[in-house]
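# Architecture and fold: a report
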Amino acid sequence: MRFIPRSVMVGFVNALAILIFMSQVPELLGVPWLVYQLTALGLLIVFGLPRLTNIVPAPLVAIVALTLLTVLGGISVPTVGDKGDLPESLPQLFIPSMPFTPETLHIVFPYALAVAFVGLLESLMTTKLVDDVTDTRSHKPREAWGQDVANIVTGFTGGMGGCAMIGQTKINVKASGARTRISTFLTGVFLLILVVALGGVVSVIPMAALVAAMIFVSWATFDWHSIHPRTLKMMPKSETMVMLATVIVVVATHNLAIGVGIGVLAMVLFARRVAHFVTVKRTVKVINGQETATYVVDGELFFASSNDLYTQFDYALDPERVVIDMHASHLWDASTIAALDAVTEKYRHHGKNVEITGLNDASILMRERFAGKLTGHCLNAPPRLCSAF
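Residues numbered from 1 in each chain as written. Predicted model: local features only at pLDDT ≥ 70, side-chain atom pairs only at ≥ 80, totals over all residues. Heavy atoms only, no water.

## What about the packing of aromatic side chains?
- One pass over the structure, following the stated rule, counts nine aromatic pairs.
- Look at Phe313 and Tyr315: their rings are 6.1 Å apart centre to centre, the planes differ by 45°, and that puts the pair in the tilted class. Like Tyr315, Phe313 is buried.
- Among the aromatic residues, those joined into a cluster by ring pairs are Tyr295, Phe313, Tyr315 and Tyr347. (Phe/Tyr/Trp six-rings, centres within 6.5 Å; stacked < 30°, edge-to-face > 60°. Buried < 20%, exposed > 50% of the residue type's maximum accessible area, 1.4 Å probe, protein only.)

What follows is the structure, given as structure tokens:
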């Protein structure tokens, strides 16, 4: 989450909102004219009631009102019961009926990995939203573990995988005023009671009421500020293009996992851009009666930026003594240590002495841990330089 750009997250959320809205469109096609009127009435309630009071959640009022209207008025419109039978008992534990073979794992694993990425991304974005609204700080690993355990357990009861919902959470926290985990717990309890004990009541709820509620969820999920002309004018064009690309690709493919892939691509592009922020300045002067070439390295050195380090030194023309001053840089990973090993080894190949100075404490520990212990000095070197090592 730290390394996924905001433009990707905003694009992901906006694409999710569009997909939620698009999933309601089939419920409005080929239906009686009364469905449109009921949906319009439901939208009027969910958008208008919060302007008057927030004591009762507007979507709940819309569902109850439209259900009473259709039942008492004898209005025949598609209902929840038309979608299939609701369960009449609690789920039972069982072992999924499938062969436990490598072939099954080969089929399931890619989808499981994609769903896990999407679920964690949406859940972490949701916890960030809740933190901002409630002015509290949630424990992200605990949220992830709770979601993981719940998904594993429900798999043994025939349940589907799930994650936090940004839109529903926005309504729960902002519109309904929820502030503790009791609200989330009661959501599950009430849903269980409604589906199992009150299935007959749920089955008569008109689909128009649920469509209105989900359109409201879609509206609440969408980041409208991100497409405001003032925002678009202020934001860098590159970030706006990343956001639009995320939305277009996710909506076109109906695959939220691709949105995560765009986030990874954005991280790679960012690393590539940051990689060129490292500078190396060379000076040659006489120190203690000996001609010395001093290189001052400035910037953060990691797997991307360290690859450019090789070309910054004049191995053949430098004098016999070379000093590499690292006081303005930091060594972040083993790739950087391998790069420094390769540089010093190449200087030794030319019969020159190299001294590395100015390392901070963390970089010294990193170098002591890995220096000379990595698999060859050509690990990260460009092919044209490997023959010299």
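## Focus: the sheet that holds strand 1 (residues 279-287)
- As summarised here, the arrangement of the four strands in space is 1-2-3-4, forming an open sheet in which the pairing is mixed. Each edge of the open sheet carries a strand with a single partner, namely strand 1 and strand 4 (353-357). Pairwise comparison of adjacent strand axes, ignoring direction, gives a mean angle of 20° for this sheet.
- Where strand 3 (residues 321-331) meets strand 4, five bridges bridge the pair, whose relative direction is parallel. Paired with Val323 across the two strands is Glu355, which belongs to strand 4. (Pairing = 2+ DSSP bridges. Helix = DSSP H or I, 4+ residues; strand = E, 2+ residues; numbered from the N terminus. Axes fitted to C-alpha atoms, helices over the stretch in contact; angles between N-to-C directions.)

## Quick notes on the environment of Ile215
- Mapped onto the elements of the fold, Ile215 is located in helix 9 (residues 207-221).
- A relative accessible area of 14% places Ile215 in the buried class.
- When the C-alpha atoms of Ile215 and Gly200 are compared, they prove to be 25 Å apart, with 15 residues separating the residues in sequence.

## Overview of unusual backbone geometry
- If you check the backbone angles, Asn288 has positive phi at about 55° while not being a glycine.
- Tracing the sequence through the fold places Asn288 in the loop between strand 1 and strand 2 (290-301).
- Asn288 sits in the exposed class, given a relative accessible area of 79%.

## Here we look at the packing of helix 1 (residues 6-24) against helix 9
- Where helix 1 contacts helix 9, the two axes come as close as 8 Å, and the packing angle between them is 165°. Between helix 1 and helix 9, the angle is such that the two are roughly antiparallel. Once helix 1 is placed against helix 9, the crossing between them reads as left-handed. Of the residues in helix 9, those in contact with Val13, Leu16, Ala17, Ile18, Ile20, Phe21 and Gln24 of helix 1 are Leu210, Val211, Met214, Ile215, Val217, Ser218 and Thr221.
- Its residues assigned to classes, the contact of helix 1 with helix 9 shows eleven nonpolar, three polar and no charged. (Parallel < 35°, antiparallel > 145°, perpendicular 65-115°, else oblique. Left-handed = near helix turned anticlockwise from the far one by under 90°. Contact = heavy atoms within 4.5 Å. Nonpolar A, V, L, I, M, F, W, Y, C, P; charged D, E, K, R; others polar.)

## Comments concerning the side chain of Ser329
- Positionally, Ser329 belongs in strand 3.
- Judged by its relative accessible area of 6%, Ser329 is buried.
- In contact with Ser329, not counting residues within four places along its chain, are Val297, Gly299, Leu301 and Asn360.

## Quick notes on the pattern of salt bridges
- All told, the structure shown has six salt bridges when counted by the stated rule.
- Across the salt bridge formed by Glu355 and Arg321, the nearest N and O atoms sit 3.0 Å from each other. With Glu355 in strand 4 and Arg321 in strand 3, the pair connects residues that are 34 residues apart, well separated along the chain.
- Look at Glu355 and you get partly exposed, because its relative accessible area is 37%.
- Residue Arg348 is joined to Glu345 by a salt bridge in which the shortest nitrogen-to-oxygen separation is 3.9 Å. (Salt bridge = Lys/Arg side-chain N within 4 Å of Asp/Glu carboxyl O.)

## What to know about the pairing of strand 2
- Sheet analysis places strand 1 next to strand 2, joined by nine bridges and oriented antiparallel. Along strand 2, the bridge assignment pairs Val286 with Glu291.
- Here strand 1 hands over to strand 2 after two residues, with Asn288 in that stretch at a positive phi of 55°.

## Some remarks on the environment of Ile248
- Its place among the elements puts Ile248 in helix 11 (residues 237-253).
- Under the relative-accessibility criterion, Ile248 is labelled exposed at 57%.
- For Ile248 and Thr70, which are 178 residues apart along the polypeptide, the C-alpha to C-alpha distance reads 38 Å.

## As for the nonpolar core
- The biggest cluster of nonpolar side chains holds 25 residues, and the ones touching the most others in it are Phe12, Val46, Met125, Ile166, Ile171, Val250 and Leu256.
- Only helix 1, helix 2 (33-48), helix 3 (58-72), helix 4 (102-134), helix 6 (166-175), helix 9 and helix 11 provide two or more residues apiece to this core.
- The dominant element in this core, judged by the number of residues it contributes, is helix 1, at seven residues.
- What Leu256 contacts, discounting residues up to four positions off in sequence, is Phe12, Leu16, Leu19, Val118 and Val250.
- Core analysis: the next-biggest nonpolar cluster, separate from the first, contains 23 residues, Tyr295, Met326, Ile337 and Leu340 among them. (Core = buried A, V, L, I, M, F, W, Y, C linked by side-chain atoms within 4.5 Å.)

Purely spatial values, then, with no claim about function.
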